[in-house]
Each structure stands twice: as C-alpha cells, then as structure tokens.
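# What the coordinates show
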Amino acid sequence: MEKKTQQFKAEIAEMLDLVVNSLYSKKEIFLRELISNASDAIDRAKFLSLTDKALVADNPEWKIQIAADKGAKTLMISDNGIGMDAAELEQNLGTIASSGTKKFREMLKEKGGESLPELIGQFGVGFYAAFMVADKVTVETMKRGTDGSCKWESDMSGGYTISDGDRDFPGTSITLHLRDDQLDYLDWWRVSELVKKYSDFIAYPITFRQLDVPKDEKEEDKKSREEREAKPLNTMVALWKRAKKDVKQEEYDEFYKHLTHDWEAPFETIPFGAEGQVEFKALLFIPKKATMELFMPNQKRGLSLYVRNVFIGDDIEMLLPTWLRFVKGVVDSSDLPLNVSREMLQDDAVIQKIKSAVTAKVLSALEDIKKKDAKRYDEFFTSFGAVLKEGVHVDWENADRIKKLLKWPSARTDAGKRIFLDDYVKDMASGQKDIYYLVSEREEDARRSPQLEAARKHGCDVLLFCDPVDEYLTESLREFDGKKFVDVAKGDVSFGSDDEKKAEKDANEKAAKDLKPFLDAVKKELESHVSDVRVSTRLVDSPCCLVQQEHALPPSMVRMMRAMKQDVPDEKRILEVNPNHPLIAKVKGLEGDALKDAVTLLYDSALVAEGSPVPDGAKFAQLLAALMMK
Ligand code: ADP
C-alpha cells in the first residue's frame, strides 16, 4: 500500500483541539480508555472464533501488554485481539459516530473543561484521549484471519497517514510518544496504580514491561523487576462473580463506567445471583440520568451476556423488558450453550427465566428505594419515570407492581411535586369511589382548568396527567386497588355521595329545562365548533368549559394518526354551561347580535381557560375591547 496522508474529518479536528487545549485534571484516563478498547478487541475475537476457528489458528493466549521505553519516551499498549484492516482503521480512527461531536460540544459548553475526560469516554472517542499525554500516536494492527498489517500515524496537526505496517501477528499495538511533562507514565508504579484503579476487573492479564533496561542493571534489581513484570497488574476477577461484601463501591463504579461509557457513577448498583432452576450471576446498574437514546428507536439496548466466561454480546435485548431499557449491566450464565445465536436466544427458556428474575429484582430494588428514601426515589423517577410507565401498557404480569411505583402531580400538590397512587387512595374523600385524572399538555394549564372545580368542591383530588405517555396510559391503567380511573374532562362525571348526586341530577334537569331556549340558541350559533351544548355538573366558579365525549379518541392519538396520514375527522367537543353562574343568568336573555357576540366570547374564553388557541384572535380581542368600553 502506498503511504497516504489524510486530513481528519472536520469534527475530529475540532474535537482533538478541545482535547488538547482545554483544561483538565485527569489526563490519566487515557490508559483506561486504551485498555478498555484492547479488552473489547479480545472479547470480539474470542466471540467470533466460536464459529470461525481459523481466527484462532495461532492458538493465542489472550493478553494486554504495556511496554515502556524511557529512552524513546514511548508507551505501547498492545493486544492480540481482533485487529483492524486498512478500511476499518480509516473508518474507526478517522471519523466519529456522526452525532457525537455536536453533542460533545454542547455538553462541554454546559459542563466546562474540567469534565472533558469523562465526556471523552461517554462519546465513544476514547482512543483520542491518547493525545492528552502524547504528541504523536502510532497504531499498528493486523486483522485476525488476514496476513497484512497496516499502520496509522498522527501528530494531530497534520492529519494522519495510513501505510503498510511491520506487525507480524494479529492484534493491535498503540504507541504513544509522550509529551515531556507526561513521562511518569513510563514508570511501573504509576501504570500499576492506574490499572488497579480503573481496570482491575478486565478479564485478560495486563502486564508491564520495561524495554530499555540499563546495561549495568544490578542483579538484584533485575530479579525484582522480572518478578514484578511476570505478574499481571490486574486481579482479573469478574466483579459479578465476587461477593458483594468483598467489592468496594468504587470498583463497581469503575466497572460501570467501563461498561457504559457513562462519566458519572451509577445511581444504583444491584449485584445478585440465582441458583436452582437456572443459575446465573448478574450485576445491574441504574444510571443517574436518562440519555436521549432512551426514546430513539433502534438504539443499542439490553444487557451484556457472558456464557462461561465468553462474552456473547453487549446488547442482548431479550434479557430486559423494553420498559426497563434504562438498566445496564452484565448477566453471566453457564446454563446456556456456548454456540448461542441471537435467534436462539429469542425463544430460549433459560433466557426467559433470567429475564423474569432480572425484572423482579429491579422492581424490588425500586420498591426498596421508594420505601427507604423518598427524595432519592424522586431523583430516579424524574430520570426514568416516563419509561417505567410504559410497563403498565405492555407488561400485564407486572402491571400492578409497576403502578405502585408511578407518581403524578395532583390538583393538591405544589407545582413540581408528585404523589403515588397509594397516597391518592389514602386521602380519598369519604364516599369517593373512583380515581380522578385530568389529561393536559402542561401542568400549569391543568392546575388552572375549570374541569377541576367540582372535584375540588367535593374534596376530591385529581391526578394531573401531563407527561406525553400519560395519555396512552389511560387506556391501560384501568383500576388500582379496586378503584376505576375516571377522566374528569370526559363524558358525564359527578362527584359526592349518592344522595348528593341525585340532588344534583334533579337540579340539573330543572336548569336544563329553564335554559333550553338559550342552550338551543348557543348550539345553533356554535354549530361548526361543538357537537352539543349542555348544563354542567363540573363547574363552580367558571361560566363554561369544553369537554370531550366519553368515547372520544385522545388528542395525542389523533395527532399520531394524522402523522401517519390517516384521515381522522375533527372531533367536536361539548360546551358545558354552568347554570348557577351570574354571567349565564345575564347572557341568557340577550338576542340578535348581542347574543351572537356573547356566545363567541363565552366559547373563546372556554378555550383560553384551558390553554387552547381561539379560532379568530382578532375577533376575540375586538369583542373584548368593545365589552370593556361598555
Ligand atoms: P469506542 O471504543 O467508544 O468505539 P474509540 O475512539 O475508543 O471509540 O475507538 C473507535 C473504534 O476503533 C472502536 O470502536 C474499535 O472499532 C476500534 N478500535 C480501537 N481500539 C482498538 C483495538 N485495540 N483493537 C481493535 N479495534 C480497536
């Protein structure tokens, strides 16, 4: 191959510049990133060799070696993993996952330069962390199953070159030409300390070798150096196989960061094992914050699976229900065959059992947090509540347990506070049979809604469903603790005891009779906007409001169907009038244009009250001005 020089894609050049020129305190994480890549490369080689024996014709002893040369000021990290061919080299080290840099830049702006090292890991640009300590990096690699090697080299400023390499066995070596102020990474003690700190759990031995030994090295120094260099720097014990009491939280945290590329420690660590019908060990994590990808289709998700120490994959979806897709971690089982394929996993009984056990474990961990620490639970719920809610919709088996973990704001809570269904039920008014809710896009609108008036008057609280998923949820919530969920903005609702309801009904019928000519006139006037005009049971202080018919499609459903180009006719709502309101008493006697204008104003003000736009804003303003003049 001819040596060719390439410029970095613009986004890489920009990111390298950020890496090198920002202030940061923890340059040392470059080693963690390179070891992590080496370990991934061996994982992949091991896995692919299950079905392609030719890949391991050299019968490798899997390992990661670090070699230091003080004279040349170089540190080399090499592995005998899968390696790369020229095209992969170019693809992997010349571009970044396209969405990466933009997000990276935004986060950097938000968090400041100090958090740069963490961000590097999170955005899958770990390799470039090498440039924090080196001014030139050389990568030599040979892809397993091929016999040519190639070489990538860059000093950042002048782009990079790719040419034929000299490596004669499969794997990858990365040589860092260290900056003069970073030479302590050439010392055994420093490297050893970093490996223990960040990479102790890596499953392959990581060894250190001093390349330029002084010629006059004393015999005893030589002996102790050789002893030291013969031993791996890491213990290699998979964390999930160690008893919880023997593992420090910092070790779990480092493992979590290795696994997820998150830059923060996890919110919750859940190690557990099962014996009996199926045997497996698992180490699960709940992250602190939700990432955008949680709501994107086709994003990588699931747990990492190991079968008898062989890494099978890091996104085994079948191990987790979709509504727990925020959970990260590892499952290790010896009950699965080594030659499992993804298709086999789909229907595998063992996988199904592990999935149920994992689900139950996460639910009980959440129940525990809910019981012990309300504030912490709220932190969790703010990040992942919306995903958890999906469980009610799709997982009938666990729906009851999930419902108990959900929270909503209510008409009685302060803004931003939420309550559990248990709390709602505990505080129900005497005689109240149902659980009331109101769907609205914004919490502020919901709180001001006239629909809440009668519920308030009767001492009934109303849950405010303002999360976009809530609307879908109304279909599947059905009941809780034997109580039905009832939408206060739909169909006929009435509150209070049976006697009160009867009295109200009678009063309503009478009012409907008295107001009939007025109601008919309003209906005629608003024909094109509403399906009916009737006397309301839900209003106290407001003159009127708009309600949906009992079986109307929720507005979000309508929006979705329209987005899918389905023809959904506009569904007209019902205008409800408060017969006891002085305004209605006043307006009902009007005739001609005066009635027309009053009706328009009534209808528009009902829309304004719920936060909806009015059909003709100019007209509304004009009528209002005229009214004020009077
Ligand atoms: P990430 O590891 O998060 O994908 P990096 O920038 O660290 O991001 O690496 C980019 C890609 O380069 C990796 O996904 C991998 O395909 C490849 N790569 C890096 N290091 C090695 C290695 N030691 N052996 C084989 N491939 C590697």
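For clarity, every value in this text was computed on a predicted model and none was experimentally measured.

Our focus in this paragraph is the sheet that holds strand β12 (residues 310–316). The strand order across the open sheet built from 5 strands is β9-β10-β13-β11-β12, with neighbouring strands paired in mixed fashion. Each having just a single partner strand, β9 (268–274) and β12 make up the two edges of the open sheet. When strand polarity is set aside, the average angle formed by the axes of neighbouring strands in this sheet is 15°. Both β9 and strand β10 (residues 280–286) contribute to a ladder of 7 bridges, which runs antiparallel. Its bridge partner lying in β10, G273 is registered against K281. Packed onto the sheet, helix α10 (residues 349–372) meets β9, β10, β11 (303–307) and β13 (328–333) and runs at close to 135° relative to β9.

This part takes up the side chain of D43. Note that D43 resides in helix α2 (residues 29–48). The charged side chain of D43 is buried without a salt bridge, its nearest counter-charge being K46 at 6.0 Å. Among residues more than four places away in sequence, those in contact with D43 are Y204, Y306 and F311.

Backbone geometry at N59 places phi at a positive 50°, although glycine is not the residue there. With respect to the element layout, N59 can be found in the loop between α2 and β2 (64–69). Overall, the relative accessible area of 67% leaves N59 in the exposed class. A positive phi is found at R478, a non-glycine position, where the angle reads about 55°. Within the fold, R478 resides in the loop between α16 (468–477) and β18 (479–480).

Another aspect to go through is the pairing of strand β16 (residues 435–439). Counting buried positions along β16 yields 4 of 5 residues, so the element is predominantly enclosed. For β16 and strand β19 (residues 483–487), the ladder comprises 3 bridges, and the chain directions are parallel. Within β19, the residue paired with Y436 across the bridge is V486. Relative to strand β17 (residues 462–465), β16 runs parallel, the two sharing 4 bridges. Note that in β17 the partner of L438 across the bridge is L464.

Here we come to the state of the cysteines. For the structure shown, the criterion picks out 0 disulfides. There is no disulfide at C460, and the cysteine sulfur nearest it, in C545, is 16 Å away. Cysteine C545 is unpaired, with the sulfur of C544 as its nearest cysteine sulfur at 7.2 Å.

Further remarks concern the nonpolar core. Counting residues in each nonpolar core, the largest one holds 76 residues, and the members touching the most others are L305, F380, L388 and L463. At 9 residues, α10 tops the list of elements feeding residues into this core. Each of domain 2 (239–377) and domain 3 (408–573) contributes no fewer than three residues to this core. Dropping the residues within four chain positions of it, L388 is found in contact with W323, L324, L366, Y377, F380, I402, L405 and L406. A41, I42, L89 and Y252 belong to the second largest nonpolar core, which has 65 residues in total.

Moving on, we come to the pattern of salt bridges. Applying the stated criterion across every chain yields a total of 41 salt bridges. Across the pair R32 and E33 runs a salt bridge whose closest N-O atoms are separated by 3.2 Å. Accessibility assignment for this pair places R32 and E33 in one class, buried. A salt bridge links R538 to E576; its shortest N-O distance comes to 2.9 Å. With a gap of 38 residues between them, R538 in the loop between β20 (530–535) and β21 (544–547) and E576 in strand β22 (residues 573–577) connect regions that are remote in the sequence. Each of the two residues, R538 as well as E576, counts as buried. Via salt bridges that share partners, E28, D184, R190, E193 and K197 belong to a single interconnected network.

On to the domain arrangement of the protein, then. One can read the domain layout of the protein as domain 1 (4–230), domain 2 (239–377) and domain 3 (408–573). Averaged C-alpha coordinates put domain 2 and domain 3 at centres separated by 41 Å.

Under the criterion given, the structure shown has 2 cavities of 30 Å³ or more. Reported here for the second largest cavity is a volume of approximately 30 Å³. Along its surface, the second largest cavity is lined by R32, I35, S36, Y198, S199, F201, I202 and H258. Looking at the lining of the second largest cavity, the elements that each hand over two or more residues are α2 and α6 (188–199). The element that contributes the greatest number of residues to the lining of the second largest cavity is α2, accounting for 3 residues.

A few words on helix α3 (residues 86–94). Among the residues of α3, L89, L93 and G94 are the ones counted as buried. The buried side chains of α3 occupy one side of the element, clustering within an arc of 90° when seen end-on. Exposed side of α3, more than 90 degrees from the buried face: A87 and Q91 are the residues found there.

Its location among the elements puts L305 in strand β11. Owing to a relative accessible area of 0%, L305 belongs among the buried residues under this scheme. Each C-alpha atom of the pair L305 and A282 lies 9.3 Å from the other, and the pair is 23 residues apart in sequence. Among residues more than four places away in sequence, those in contact with L305 are V310, F311, I312, G313, I316, L319, V331, L336, L345 and I351.

Right, let's get into the packing of aromatic side chains. Counted by the stated rule, this structure contains 20 aromatic pairs. With a centroid separation of 5.7 Å and 20° between ring planes, the pair formed by W152 and Y160 is classed as stacked. The class of W152 is buried, set by a relative accessible area of 0%. Between F201 and F255, the aromatic rings sit 5.0 Å apart at their centres with planes inclined by 85°, giving edge-to-face as the arrangement. Placement of F201 in the loop between α6 and β8 (206–210) and of F255 in helix α8 (residues 249–260) is noted, with a sequence separation of 54 residues between them. Side by side, F201 and F255 carry an identical accessibility label, which is buried.

Let us now look at helix α21 (residues 617–629). An α-helix turns once per 3.6 residues; consequently, residues spaced three or four apart project the same way. With 13 residues, α21 extends 18 Å from end C-alpha to end C-alpha; this agrees with the ideal 18 Å at 1.5 Å per step. Regarding α21, its N-cap is D616, as a side-chain oxygen of that residue lies 3.3 Å from the backbone nitrogen of A618 further along.

Right, let's talk about the packing of helix α11 (residues 374–394) against α16 for a bit. Running from N to C, α11 and α16 point in directions that differ by 25°, and their axes come no closer than 8 Å. Judged by the angle between their axes, α11 and α16 are roughly parallel. As α11 packs across α16, the resulting crossing turns out to be left-handed. Seen from α11, the contacting residues are A386, K389, V392 and H393; seen from α16, they are V469, D470, Y472, L473, E475, S476 and L477.

Rules used throughout
- Position labels on residues start from 1 in each chain and follow its written sequence.
- For a predicted model such as this one, the threshold for reporting local features is a pLDDT of at least 70, and the threshold for listing and counting side-chain atom pairs is 80 or more; totals across whole chains, interfaces and linings nevertheless cover every residue.
- Each side-chain value is derived from all of the structure's non-hydrogen atoms; neither hydrogens nor water enter the calculation.
- Pairing between strands is defined by DSSP: at least two bridges between them are needed.
- Under the scheme used here, helices are H or I runs from DSSP no shorter than 4 residues and strands are E runs no shorter than 2 residues, and both carry numbers assigned from the N terminus.
- Here an angle of 0 to 180 degrees is reported between the N-to-C directions of two axes, which are lines fitted to C-alpha atoms, with helices fitted over the stretch in contact.
- We call two residues in contact when some of their heavy atoms are within 4.5 Å.
- Using a 1.4 Å probe on the protein chains alone, a residue whose accessible area is under 20% of its type maximum counts as buried, one over 50% counts as exposed, and one in between counts as partly exposed.
- His is not counted, nor are the chain ends, whereas Lys and Arg count as positive and Asp and Glu as negative.
- Here, a salt bridge means any Lys or Arg side-chain nitrogen found within 4 Å of an Asp or Glu carboxyl oxygen.
- Any two cysteine sulfur atoms lying within 2.5 Å of each other are counted as a disulfide.
- The nonpolar core is taken to be a set of buried Ala, Val, Leu, Ile, Met, Phe, Trp, Tyr and Cys residues, with the residues joined through side-chain atoms within 4.5 Å.
- An automatic or database domain assignment supplies the residue ranges for each domain.
- Using a 1 Å grid laid over the protein atoms alone, points where a 1.4 Å probe fits but cannot get out form a cavity; open sets with protein on both sides within 12 Å along at least 5 of 7 lines form a pocket; any residue with an atom within 4 Å of a point counts as lining.
- Grid points are joined across faces, edges and corners, and a volume is the space filled by probe spheres set on the points.
- Regarding the arc, it is the one traced by the directions from the helix axis to the C-beta atoms.
- Pairing of aromatic side chains requires ring centres within 6.5 Å, counting the rings of Phe and Tyr and the six-membered ring of Trp. Pairs whose planes differ by under 30 degrees are stacked, by over 60 edge-to-face, and all others tilted.
- An expected span of 1.5 Å times one less than the residue number is assigned to each helix.
- Each polar contact in these results corresponds to two N or O atoms within 3.5 Å; when the atoms are within protein, one needs to be able to donate a hydrogen and the other to accept it, and residues that are neighboring in sequence are counted only if both atoms are side-chain atoms.
- To sort the angles, those under 35 degrees are grouped as roughly parallel, those over 145 as roughly antiparallel, those from 65 to 115 as roughly perpendicular, and the leftovers as oblique.
- Handedness of each helix crossing follows the sense of rotation of the near helix against the far helix: counterclockwise by less than a right angle gives left-handed, clockwise gives right-handed.

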